[in-house]
Amino acid sequence: MVGRWVEGGVRRYDLLDPLPGCLLTSGPKGGTVSFLELRNLAKTFPDGTRAVRGIDLSVEQGEFIVLLGPSGCGKTTTLRMIAGLETPTEGTIQLDGENVSRLRPSERDVGFVFQLYALYPHLSVRENILFPLKSVGTEKEEQETLLEEVSSRLGLESLLGKYPYQLGGGDHQRVALARAMVRHPRVFLMDEPLGALDSHLRLEMREFIRGQQLALGVTTVYVTHDQEEAMSLADRIVVMDEGEIRQVGTPSEIYDNPSDLFVANFVGSPGMNLLKGEMIRENGTMSFRSGSEEFVFPPSQSIPAGGFVLGVRPEYVSLDREGPIVGKVLMNEYMGSNCFLHTDTALGRITARCEVDSSLRTGDDVHLRLDTEHFCFFDSATGTRVE
Amino acid sequence: MDSFLKLRGVSKRYGKVQALKGISLSLQEDELVVVLGPTGAGKTTLLRTIVGLESPEEGSIIMEGREITHDAPADRYMAMVFQDFSLYPDWTVRRNLEFPLRAPGRRYTKEEIQERVEWAATMLRINHLLGRDSNQLSGGEMQRVTIGRAIVRRPKLFLMDEPLSNLDAKLREELRVEIACLRRELGTPMIYVTHDQAEALSMADRIIVLSNGEILQTGTPEEIYRAPATPEVALQLGQPKINLLPVTRSDGQWVTGNGLALLDVRDSRPERMMLGVRPEDIEPTGGKEVATVEVVEDMGATRILVVNWWGHRIHITVPKSFACGPGDEVYPHIRTERAILWDP
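Everything numeric in this text was worked out from a predicted model, so none of it was measured. In every chain, residue numbers begin from 1 and rise along the written sequence. Following the order in which they are written, the chains are lettered starting with A and the ligands numbered starting with 1. Note on the predicted model: pLDDT of at least 70 is required for a residue's local features to be given, and 80 or more for side-chain atom pairs to be given and counted; whole-chain, interface and lining totals, by contrast, use all residues. Note that water and hydrogens are dropped before the side-chain values are worked out from all heavy atoms of the structure.

A look at the overall build of chain A
The number of helices and strands found in chain A is 8 helices and 21 strands. C-alpha extents for chain A along the principal axes are approximately 80 × 50 × 45 Å. Only protein chains enter the accessibility calculation, which uses a 1.4 Å probe; a residue is then buried when its area is under 20% of its type maximum, exposed when over 50%, and partly exposed in between. Taking all 387 residues of chain A together, the buried fraction comes to 54%. In this analysis, two residues are considered to be in contact whenever any of their non-hydrogen atoms come within 4.5 Å of each other. Within chain A, contacts between residues separated by at least 24 positions form 65% of all contacts whose residues are at least 6 apart in sequence. Total accessible area on chain A stands at roughly 16700 Å², and carbon and sulfur atoms take up 48% of it. Charge assignment in this entry is limited to Lys and Arg as positive and Asp and Glu as negative, and neither His nor the chain termini are counted. Working definition for charges: the position is that of NZ of Lys, CZ of Arg, CG of Asp or CD of Glu. Between the centroid of the 38 positive side chains of chain A and the centroid of its 55 negative side chains there is a distance of 4 Å. Helical segments are the DSSP runs of H or I of at least four residues, strand segments are the runs of E of at least two, and each set is numbered from the N terminus. Method for areas: the Shrake-Rupley scheme with a 1.4 Å probe, in which residue coverage is limited to the protein chains shown.

Points about empty space enclosed by the protein
Cavities and pockets were defined on a 1 Å grid built over protein atoms only: a cavity is a set of grid points that admits a 1.4 Å probe from which the probe cannot escape, a pocket is an open set flanked by protein on both sides within 12 Å along at least five of seven lines, and lining residues are those with an atom within 4 Å of any such point. Grid points are joined across faces, edges and corners, and a volume is the space filled by probe spheres set on the points. This model, assessed by the stated rule, comprises 3 cavities of 30 Å³ or more. In this structure, the largest cavity occupies an estimated 50 Å³ of space. Along its surface, the largest cavity is lined by Val81, Ile147, Ala150, Ile151, Phe158, Met160, Ile179, Leu182, Arg183, Leu186 and Met190 of chain B. Counting residues per element, the lining of the largest cavity draws most heavily on helix H5 (residues 169–186) of chain B, which supplies 4 residues. For the lining of the largest cavity, the class distribution of residues is 10 nonpolar, no polar and 1 charged. Taken as a whole, the second largest cavity spans an internal volume of roughly 40 Å³. Around the second largest cavity, the lining residues are Ser199, His200 and Leu203 of chain A together with Gln197, Leu235, Gln236, Gly238 and Lys241 of chain B. Elements represented by at least two residues in the lining of the second largest cavity include exactly helix H5 (199–216) of chain A together with helix H8 (231–236) of chain B. Throughout, the ten residues Ala, Val, Leu, Ile, Met, Phe, Trp, Tyr, Cys and Pro are labelled nonpolar, Asp, Glu, Lys and Arg are labelled charged, and all others, Gly among them, are labelled polar.

Digging into the nonpolar core
Soluble globular proteins: nonpolar side chains tend toward being buried together. In terms of nonpolar packing, the biggest core is built from 49 residues, with Ile129, Leu154, Leu177, Tyr222, Ile237 and Val267 of chain A touching the most fellow members. For this core, the element with the highest residue contribution is helix H4 (residues 169–181) of chain A, accounting for 6 residues. With residues up to four places along the chain from it excluded, the contact list for Ile237 of chain A reads Val66, Leu68, Ala230, Met231, Gln247, Val248, Gly249, Pro251 and Ile254 of chain A. Counting residues in each nonpolar core, the second largest holds 47 residues, with Val81, Leu137, Met142 and Leu167 of chain B among its members. Working definition of a nonpolar core: buried Ala, Val, Leu, Ile, Met, Phe, Trp, Tyr and Cys residues. They are joined through side-chain atoms within 4.5 Å.

Details of the pattern of salt bridges
Salt bridges are counted wherever a side-chain nitrogen of Lys or Arg sits within 4 Å of a carboxyl oxygen of Asp or Glu. Summed over the entire model, instances satisfying the criterion amount to 40 salt bridges over all chains. A salt bridge links Asp109 of chain A to Arg183 of chain A, with the nearest nitrogen and oxygen atoms 3.8 Å apart. Remark: Arg183 of chain A occurs in the loop between H4 and strand E7 (187–191) and Asp109 of chain A occurs in the loop between strand E5 (98–99) and strand E6 (110–114); sequence separation between them is 74 residues. Under the relative-accessibility criterion, Asp109 of chain A is labelled buried at 18%. A salt bridge links Asp281 of chain B to Arg335 of chain B, with the shortest nitrogen-to-oxygen separation between them at 3.7 Å. With Asp281 of chain B in the loop between strand E14 (272–277) and strand E15 (282–283) and Arg335 of chain B in the loop between strand E20 (333–334) and strand E21 (340–342), the pair connects residues that are 54 residues apart, well separated along the chain.

Describing the interface of chain A and chain B
Quite often, the size of an interface is put as the accessible area lost when its parts meet. Taken together, the 42 residues of chain A in the interface contact 38 residues of chain B. Buried area adds together the accessible area that both of two parts lose upon being put together, with accessible area traced by a 1.4 Å probe. Buried area between chain A and chain B, both sides added, is near 3200 Å², and the carbon and sulfur share of it is 50%. It is Glu207, Met331 and Tyr334 of chain A in chain A that bury the most area against chain B; as a group they hold 20% of the surface buried on that side. Joining chain A to chain B, the criterion identifies 3 salt bridges. Here a polar contact is recorded for every N or O atom pair within 3.5 Å, except that within protein the pair must consist of a potential hydrogen donor and a potential acceptor, and residues adjacent in sequence are included only if both atoms are side-chain atoms. Counting every contact that joins chain A to chain B gives 18 residue pairs in polar contact (both at pLDDT 80 or more).

Here we look at the confidence of the model for chain A
Any region with low pLDDT has predicted coordinates that should not be read closely. Along the chain, pLDDT gives the predictor's confidence residue by residue, from 0 to 100. Model confidence for chain A is summarised by a mean pLDDT of 86, while 90% of its residues fall at 70 or above. When the criterion is pLDDT under 50, residues 1–31 of chain A qualifies, and its contacts beyond four places in sequence or with other chains add up to 53 contacts.

As for helix H1 (residues 43–51) of chain B
Residues and elements named next belong to chain B. Buried residues dominate H1, accounting for 7 of its 9 residues. Among all positions in H1, only Lys43, Thr45, Leu46, Leu47, Thr49, Ile50 and Val51 are buried. Backbone geometry just after H1 places Gly52 at a positive phi near 100 degrees.

What to know about the packing of helix H2 (residues 125–135) of chain A against H4 of chain A
Each pair of packed helices can be summarised by the angle the axes make with each other and by the distance between the axes. Residue and element names in this part refer to chain A. Only the stretch in contact is used when fitting a helix axis, every axis being a line fitted to C-alpha atoms; angles between N-to-C directions are given from 0 to 180 degrees. Two elements in contact, H2 and H4, have axes whose closest approach is 7 Å; the angle formed by their N-to-C orientations is 30 degrees. In this view, H2 runs roughly parallel relative to H4, as classed from their interaxial angle. Viewed along their axes, H2 and H4 form a crossing whose handedness is right-handed. Facing Val125, Asn128, Ile129 and Pro132 of H2, the residues of H4 in contact are Val175, Ala178 and Arg179. Split into classes, the residues belonging to the contact of H2 with H4 amount to 5 nonpolar, 1 polar and 1 charged. What sets the label is the angle itself: under 35 degrees gives roughly parallel, over 145 gives roughly antiparallel, 65 to 115 gives roughly perpendicular, and the rest give oblique. Left-handed is the label given to a crossing in which the near helix is rotated counterclockwise from the far helix by less than a right angle, and right-handed is the label when the rotation is clockwise.

Describing the packing of aromatic side chains
Only rings of Phe, Tyr and Trp enter the pairing, Trp through its six-membered ring, and a pair is recorded when the two centres are within 6.5 Å. The plane angle decides the type: under 30 degrees is stacked, over 60 is edge-to-face, the rest tilted. In total, this model carries 10 aromatic pairs over all chains according to the counting rule given. Pairing Phe64 of chain A with Tyr222 of chain A gives two aromatic rings, centres 5.8 Å apart and planes at 45 degrees, and the pair type is tilted. Highlighted residues: Phe64 of chain A in strand E3 (residues 64–68) and Tyr222 of chain A in strand E8 (residues 219–224), separated in sequence by 158 residues. Residue Phe64 of chain A is classed as buried on the basis of its relative accessible area, which comes to 0%. The structure contains a cluster of three or more aromatic residues connected by ring pairs, namely Phe288, Phe295, Phe375 and Phe377 of chain A. In this scheme, the term charge over a ring applies when either NZ of a lysine or CZ of an arginine sits within 6 Å of the ring centre and within 35 degrees of the ring normal. One cation-aromatic arrangement involves Arg313 of chain A over Tyr255 of chain A; the distance from NZ or CZ to the ring centre is 3.9 Å. Geometry around Trp91 of chain B places Arg95 of chain B over its ring, the cationic atom sitting 3.8 Å from the centre.

A closer look at unusual backbone geometry
Note the cis peptide between Ser269 of chain A and Pro270 of chain A, where omega equals -5 degrees. Relative to the elements of secondary structure, Pro270 of chain A occurs in the loop between helix H8 (261–266) and strand E11 (273–282). With an omega of -5 degrees, the peptide bond running from Gln239 of chain B to Pro240 of chain B counts as cis. Among the structural elements, Pro240 of chain B can be located in the loop between H8 and strand E11 (243–250).

Let's talk about helix H3 (residues 110–123) of chain B
Because the α-helix completes a turn every 3.6 residues, residues three or four places apart line up on one side. All names here are of chain B. To estimate how far a helix should reach, multiply one less than its number of residues by 1.5 Å. Relative to the 20 Å expected for 14 residues at 1.5 Å per residue, H3 spans 20 Å between its end C-alpha atoms, a close match to the ideal helical length. Along H3, the positions that sit buried rather than exposed are Ile113, Arg116, Val117, Ala120 and Ala121. Looking straight down H3, one finds its buried side chains confined to an arc of 130 degrees; they lie on one side. Those residues of H3 that are buried lie in contact with helix H2 (93–102) and helix H4 (139–151). At the C-terminal side of H3, Arg125 shows a positive phi close to 55 degrees. This arc describes the spread of directions from the helix axis toward the C-beta atoms.

The structure is reproduced here in structure tokens:
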């Protein structure tokens, strides 16, 4: 059997069988069932809080899935149900064809890393990493092999003798990751593992985690409220709000084609500019009127006349002396590689992503042009996207 | 013009740890200074020393021309906002906002208190929350109230200790703009501590980069981003982080250890330098030497390419319109005028 654990090598996993999660050869059974399937999964807490309201999700083997949403959207509860730390009130969880909904966490063969996943303070790094193996009675020799493998992979060799209090934030998280990885679980579950780290360490660890996941090919479900983290890590992003899934898609699908106003605003830093207005169809032309502005388009069949919200990303707003929209600069936000110009206009607040120009100051008047090719329209009553 | 606040050689030690090593800085009357540094750099100690919760072993603190090094915190007329919200949970928002005005020794009439609370609530757009209990608020609302509690007193100086760290990324991004705009409107100086480079770049009039109790560099966001004094400072700012490559001079070019020629040498410099180039200052085409794309991260407005260039792992930021995938070849070209060279 060849596992993606060992780059270019062949290793037999006699002692660790069965290890279907690590093997590329065990694809979805029957062709229709995905590796991890959530079906109508719901959780209502005893106090009546409907944390998760019946979600369906299929995750393919080896995929990196990010659950993204604000505090209280149900993403952590979903992850905890997959882990077996919460019991669903409704629905099922299938892992590799097996219904695991009622299994205990230890029987599910998943590895988790949490933001505050405490390492045992009285144990060395080595003992911390070995802990999950010892608890399932892995043989000594195999323990050593696995420890060596994971510590060289994560660059922890020199830290094995140290204790948690002697570690910096990044190393601490690397050890927690090693502990989750050492057992070769079928699935990695990560709940904001980088939340407690300084921002520059977070960036470094983010790449590190992605690199590891790509190398190992282990199916991963990762929870975060940080859309940038989601964009950079995910094969597919699951955007959640109020216990429901709002959209599932690749980072660029989610970014370019948000399915509703919530996603449009939540994804993107800053989010999409949203302008209220009216779609007008006259003499074979179509135009969108917002405030005193009118944008004319080639007619499209699908968008009817009526009230809509126009969405346009900040990078499709440009400074242009001839631009039709006049804005007053609220703030020229310097970001290093670019700047965000937040302006107040007759249409509402519009943010433009531009080249750095430090001459623009709060209170200045600017002219803006919107790129009509990249408009999205949303139904102003329901918030859903219209094409 | 005399500075509003001055620190001269301020040092603070906790047991064996020298938390601040002779810090000197100044703050103008209408300025927002961000202190940027990693955990353990001494940022919080610095704020606590300025507000009077710690007293320095050495050095002096001067506000409006008067030494206040040993004044009690209450006599300094500063307001500090912490990372955790520290509101009284069972109290209404209104009562929380009134609290600093009702403290012993402050004599405000009922009308004054009401007027100030309304004013602060309007500034922060929390009027609709005044009657609510604090424990019913969302994280963003709580932090707004906490800031409200700092502004009702109309202090002479705001000190903010990572006030947004406990909030969701989306809220952080909105509130950082709000705080900077609010401060500008109030015209009150502010020292804002963070480890978040985006907050520092976005909010600051000036950034002070702190590390191990020492100031590494002070300057406008643009100065620090474009002309970092050392590679250490350069690594603190920018996303993804700056590419760093040790180079030596060879045939009029700066060349890496394995012979990759990166740039023309323009002036007389030492033989060995450290080259820094930000990911957005490398173009993916137009160079002479090939690199292989390993990873493409789609960040929405831009894409980040991680490329292997003669064994060097390099980050390049490209516009979204630049199409490529893992395994593709690119020819990186460094924008010479943007490259930074340090004498190691």
